[in-house]
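Understanding the architecture of this molecule
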Amino acid sequence: MEEQQQGQQGGACMICCEQKVEGIQILTQFLCHECEREIVKTDVEDERYAYYIDRMKRIWLEAIS
Ligand SMILES: [Zn+2]
């Protein structure tokens, strides 16, 4: 049985900018599974964490403005 999954068509990841099929849609942006995992395991004191948060904040602000 063939079933098309809605809302999981993939896109360009907002963190690594690579074209990915699997991931999650955050408002207008797409976040791939690998980056999602990276964010989860990244320590708060890691400088990458601040980068991730900054990217997400920007998207959030764009969406609500
Ligand atoms: Zn990614």
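Thresholds applied
Residues numbered from 1 in each chain as written. Predicted model: local features only at pLDDT ≥ 70, side-chain atom pairs only at ≥ 80, totals over all residues. Heavy atoms only, no water. Helix = DSSP H or I, 4+ residues; strand = E, 2+ residues; numbered from the N terminus. Buried < 20%, exposed > 50% of the residue type's maximum accessible area, 1.4 Å probe, protein only. Donors = N, O, S within 2.8 Å, 3.2 Å for Na, K, Ca; no water. Tetrahedral: all angles 85-135°; square planar, octahedral: opposite > 155°, others 65-115°. Pairing = 2+ DSSP bridges.

As annotated in an unreviewed UniProt entry, the protein chain carries the name Sigma factor G inhibitor Gin and comes from Tumebacillus lacus.

**A word on the environment of Tyr49**
Take Tyr49: it is sitting in helix H2 (residues 47-64). We classify Tyr49 as partly exposed; its relative accessible area is 23%.

**Examining the coordination of the zinc ion**
Coordination of the zinc ion by the protein involves Cys13 (SG), Cys16 (SG), Cys32 (SG) and Cys35 (SG), with metal-donor separations of 2.3 Å. Viewed at the metal, the four donor atoms of the zinc ion are separated by angles of 103 to 118°, and the geometry they form is tetrahedral. Each donor residue of the zinc ion belongs to the same chain, with the gaps between them written as C-x2-C-x15-C-x2-C. Of the two residues, Cys13 is situated in the loop between strand S1 (11-12) and strand S2 (19-20) and Cys32 in strand S4 (residues 29-32); the sequence distance between them amounts to 19 residues.

**Comments concerning the pairing of strand S3 (residues 23-26)**
For S3 and S4, the ladder comprises four bridges, and the chain directions are antiparallel. Within S4, the position partnered with Ile24 by the bridge is Leu31. Two successive antiparallel strands, S3 and S4, enclose a turn made up of two residues, where Leu27 displays a positive phi of approximately 55°.

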